[in-house]
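# Structural characterization, general
Chain residues, written in single-letter form:
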Amino acid sequence: MSAVAEINENAQGPAVPTIPDVPCADPQGDPFLRTRFALPSRPATFLRRQRLVDHLDQALGTPLTLVNGAAGAGKTLLAADWAAGLPPPVAWLTVEAGDRHPGVFWAYVLQALRACGAPASDAVGVPADATGVDQRLLATLAAELNDRDRPVILVLDEYDRITDPEVTEQLGFVLQHAGRGLRLVLVTRTEPLLPLHRYRAAGELTEIRAAELAFTSEEAVALLELHGLSLPVQAAGALVDRTRGWAAGLRLSALAALESADPERYLKEFEADRSTVADFLLAEVLKGQPEETQGLLLRVSVLKRFCPDLANELTLRTDAEPILAGLHRDNAFVEHLGHSWYQLHPLFGEILRAHLRERLPGLEPELHRLAARWLRRSGFLRETLVHGAAAGDWDFAAGALVDDLAIGQLFTGLRSGDLTELFSPMGPEATSPAADLVRAARDLSRHDLDRGLAHLRRARERLADDAPGPATVQLSCALLEALAARLTGCPPRAERAAERAAELSQEVPAHLLDKHPELTALLLTHLGSARLWAGRFEDARAALTAAADAPGGTSTVLPREESMEHLALLDYLNGWLGRAEREALAAVPEAEGVGRPQPSGSGIGQLVLAAVAVDRHELDRAQALLDETARFSSGPRDPVVAAGRALATARLLSVRGKARAAVEAAGPAVAAAVASPWAAGYETLFASAARLAEGRPDEAAELLQGVSGDQPVCAVEAAAIQVAAGRAGAAIDLLDSIRTEGRPGPAVTVRAALVRAQAAEGAGDTATARKLVAHALLDARRERLRRPFLDAGAWIRPLLATPPLHELAAGWLKPGPSRHGERPRPESLSPPLVAVELSGRERDVLERLARMMSTEEVAADLYVSVNTVKTHLKSVYRKLAVNRRGDAVRRARDLRLL
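We now turn to the structure provided with this report. These numbers come from a predicted model, not from an experiment. (Residues numbered from 1 in each chain as written. Predicted model: local features only at pLDDT ≥ 70, side-chain atom pairs only at ≥ 80, totals over all residues. Heavy atoms only, no water.)

### Overview of the overall build of the chain
- Helices and strands together make up the secondary structure of the chain, namely 47 helices and seven strands.
- Taking as baseline every contact in the chain between residues at least 6 positions apart, the subset at least 24 positions apart corresponds to 71%.
- Counting every atom, the chain has about 38,700 Å² of accessible surface; 52% of that belongs to carbon and sulfur.
- Taking the 102 positively charged and 117 negatively charged side chains of the chain as two groups, their mean positions are separated by 7 Å. (Helix = DSSP H or I, 4+ residues; strand = E, 2+ residues; numbered from the N terminus. Contact = heavy atoms within 4.5 Å. Areas by Shrake-Rupley, 256 points an atom, 1.4 Å probe, with all protein chains shown as cover. Lys, Arg positive; Asp, Glu negative; His and termini not counted. Charge placed at Lys NZ, Arg CZ, Asp CG, Glu CD.)

If you want it as structure tokens, here you go:
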């Protein structure tokens, strides 16, 4: 049985006590104000929150209960609603300022006890002097309370008005010696002077504080409904965030919204300083503060957070620490963040800023300027930039960003969009080299290459005038030079920028480089991309691998992702389809792991996956992946990205028999200072293949004269065209000229073997041709590489029909048996010879994906966490070589896993 039920069961007398009509006066001769003993009435829009009532029920088992919150937090109505549901005796006293005199306070307490039906005996007596009370009176009262069978519930509302320590000491004495006969409930804005730590340690204290008094989103919805407003939980959640769940703020906003034509929009957009909320806070909180405290609050209102030293900087005083501590202790809408940092309640901050502009016009920019400089000295870069921008001091803000070596954050990390937006208003009044570098980075991050290059050129000119300029500024310039070289397709310029950056890195403080690993990672990514464009694959691999191995975290997620995507393209160009696919898929969880919104990066990974899908003759998947790259906004002026898109698109068009469209797609979409050998090589291949398809073999062969063995994949495809054009000798010579720095990938070895096999078959050496085709099949089936065999032509079909080769091709190259009632699809995937092994739990997750269940539903169905499901999904995606749910289900069905 609960404590409330037990008391109700033993209760005698009326449920609601009446106040005896006994003429009485306090020690000053003033009549008792009977309204102070009455429970406050609850309005029709009052919302009973059962979780708080249940918590307050614990007060029946502890000597002391504290309901502590800011003005308008709903303390009084909560306590009154709870008290109204209790059996007598429940004494209520609303404290007033006059009760600071001990005699007056105790006279009112005794009258409250009398009013609730629990009067003290004549032995207790009454205070005769307003300024003091006899100790015998207190001792006798405590003894009588201790002798009671049922405790008296005494609620002291507005207890923060008691400022005399003597009163609190006397109250503590009575509470201690009343034993189980008294349950004291203090409703207050401030911390009482009672020894709360002792009661807390002994388990004799019930506490309800501001955080618990705050409304939840669901409670806010219910409250608004009582006011006649219907609001979705999400919209109510935004209002709760803005008001911090503050009861008065919610109620006043609701009342104002009722007078608006669009209540939901009003609650979303209302200006706090022009509302009744402002009237409440200014009257209840600000105007009751001393002048110096008001000045401090107005000045710190420009800050999102502040500490005493920063507040002193803005007020030109030295007393901020005790003032802030007192404001927080008094629930004056100053919230403690820990480690001496504070913040204002959001609505209070809005209202104070408006009040600042009214009372001290023109001061706000200077406050931002002072804050920016203090924050810069203290090492808080993010807030330095915010306040520098708010002050309109763009040279200072840009200088702070560049001097900290943080310019790379305009390109990477979760804050890149915020920084770009922050510096968007910067006008021509900022003339420092740092300002031009920030302009250049801002424009380049938004893919505005022409404007970005113009600002970078102006920065170089200004740096030359300031010669030599700080090393941090020059290093930031080198980073942008490397990016500019990458985007303009100028590898020599990128090499010079990287060399210059390496020299400057020795001149800047090491802690800055450690603090901003994204700068080095971005430099390496730009250098690797430029080297890849130049066809220097191994040099590119060295730079890109170093970038991919950069320290983890949000600041380096973009260069790590991009470097892995570039490595995937590099592996594809070297003929390693499986490796390329794994690299491209690995870049997806790299971005997801730090919560970076998708899509991110340049989309190279998707292009590589599309090209791999074409080589595997998964044409529908290839088209879907190409369509998906339209979501990627980055990379429209990047030559490597443009060439990758041209390659994947042209490949797909070519295998679908659209040779002329493939030629058009393969053309350069982006101008580059230096031609790329592999991009040019593929462009030549598609042009030659189109000539061959049009029945012009001589022209096709003529176009291939410029293809060399330095680009192995291009060379073997060119050799295939040569042998198809009837020039077997030229094809073999081209194959013999291939030079690779490492072992060539299957896309090279398989095509090379088929070219040699076709040449041998044409020369009548069927045995050699069969042997070469067998080697090609063995290499190709590990990668599911189908296109070389489909492109080989009619000569290979009789060979594949022979028993040994037929067995090697069965199940992955040749269509497998279709399901009952289903017509075979030319692009359907048969089970590979190397089986895909899924764990039991991975199969469980996969089966639920096929049933269109969400991640949360799968987690609930399997009784595991959402993160566990995501881990299994990543493993399934990796094993099935996909990166989307639908593709995983389709691939699993094709592999007979579902």
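There is more to say after this.
### A closer look at the pairing of strand β3 (residues 152–157)
- Most of β3 is tucked away: six of the six residues are buried.
- Neither face of β3 is left uncovered, since the one carrying Val152, Leu154 and Leu156 and the one carrying Ile153, Val155 and Asp157 both have all their residues buried.
- By the bridge criterion, five bridges tie β3 to strand β4 (residues 182–188) in an arrangement that is parallel. The residue of β4 that forms the bridge with Val152 is Leu182. (Buried < 20%, exposed > 50% of the residue type's maximum accessible area, 1.4 Å probe, protein only. Pairing = 2+ DSSP bridges.)

### Some thoughts on the packing of helix α29 (residues 557–573) against helix α31 (residues 604–615)
- Contact geometry of α29 with α31 gives a least axis separation of 8 Å together with a crossing angle of 25°. Classed by the angle they form, the pair α29 and α31 counts as roughly parallel. Here α29 and α31 pass one another in a crossing that is left-handed. In this structure, α29 contributes Glu565, His566, Ala568, Leu569 and Tyr572 to the contact, and α31 contributes Ile604, Gly605, Val608, Ala611, Val612 and Asp615. (Axes fitted to C-alpha atoms, helices over the stretch in contact; angles between N-to-C directions. Parallel < 35°, antiparallel > 145°, perpendicular 65-115°, else oblique. Left-handed = near helix turned anticlockwise from the far one by under 90°.)

### Section: the sheet that holds β4
- In space, the five strands of this open sheet follow the order β2-β3-β4-β1-β5, with parallel pairing throughout. Unpaired on one side and paired on the other, β2 (90–94) and β5 (205–208) mark the two borders of the sheet. Across the sheet, the mean angle from the axis of one strand to that of its neighbour is 15°, orientation sign disregarded.
- Bridge count between β2 and β3: five bridges; the pairing is parallel.

### Overview of the pattern of salt bridges
- This model, assessed by the stated rule, comprises 58 salt bridges.
- As a salt-bridge pair, Glu699 and Arg696 come within 3.1 Å of each other at their nearest N and O atoms.
- Assessed through its relative accessible area of 36%, Glu699 is described here as partly exposed.
- Among the salt bridges present, the one from Asp736 reaches Arg756, with a minimum N-O distance of 2.9 Å. Remark: Arg756 occurs in helix α39 (residues 746–762) and Asp736 occurs in helix α38 (residues 728–736); sequence separation between them is 20 residues.
- Overlapping salt bridges bring together Arg442, Asp443, Arg446, Asp448 and Arg451 as one network. (Salt bridge = Lys/Arg side-chain N within 4 Å of Asp/Glu carboxyl O.)

### Quick look at the nonpolar core
- Membership of the largest hydrophobic core comes to 89 residues, with the highest contact counts inside it found for Tyr572, Leu573, Trp678, Tyr682, Val773, Leu777 and Phe789.
- Ignoring anything within four residues of it in the chain, the contact list for Phe789 reads Val750, Leu754, Ala776, Leu777, Ala780, Ile796, Trp812 and Leu813.
- Listed in part, the 58 residues of the second largest apolar core include Ala220, Ala247, Leu356 and Leu370. (Core = buried A, V, L, I, M, F, W, Y, C linked by side-chain atoms within 4.5 Å.)

### Observations regarding the environment of Ala434
- Considering the arrangement of structural elements, one finds Ala434 in helix α22 (residues 433–445).
- In this structure, the C-alpha to C-alpha distance between Ala434 and Ala397, residues 37 residues apart in sequence, is 9.1 Å.
- When residues no more than four places from it in sequence are discounted, the contact partners of Ala434 are Ala398, Gly399 and Val402.

### Observations concerning helix α6 (residues 165–178)
- Between the first and last C-alpha of α6 there are 20 Å, a value that for 14 residues agrees with the 20 Å anticipated at 1.5 Å per step.
- Those residues of α6 not exposed but buried are Val167, Thr168, Gln170, Leu171, Gly172, Val174, Leu175 and Ala178.
- Those residues of α6 that are buried are in contact with β1 (64–68), α4 (102–115), α5 (135–146), β3, β4 and α7 (196–201).
- After α6 finishes, the residue Gly179 shows a positive phi value of roughly 60°. (Expected span 1.5 Å × (residues − 1).)

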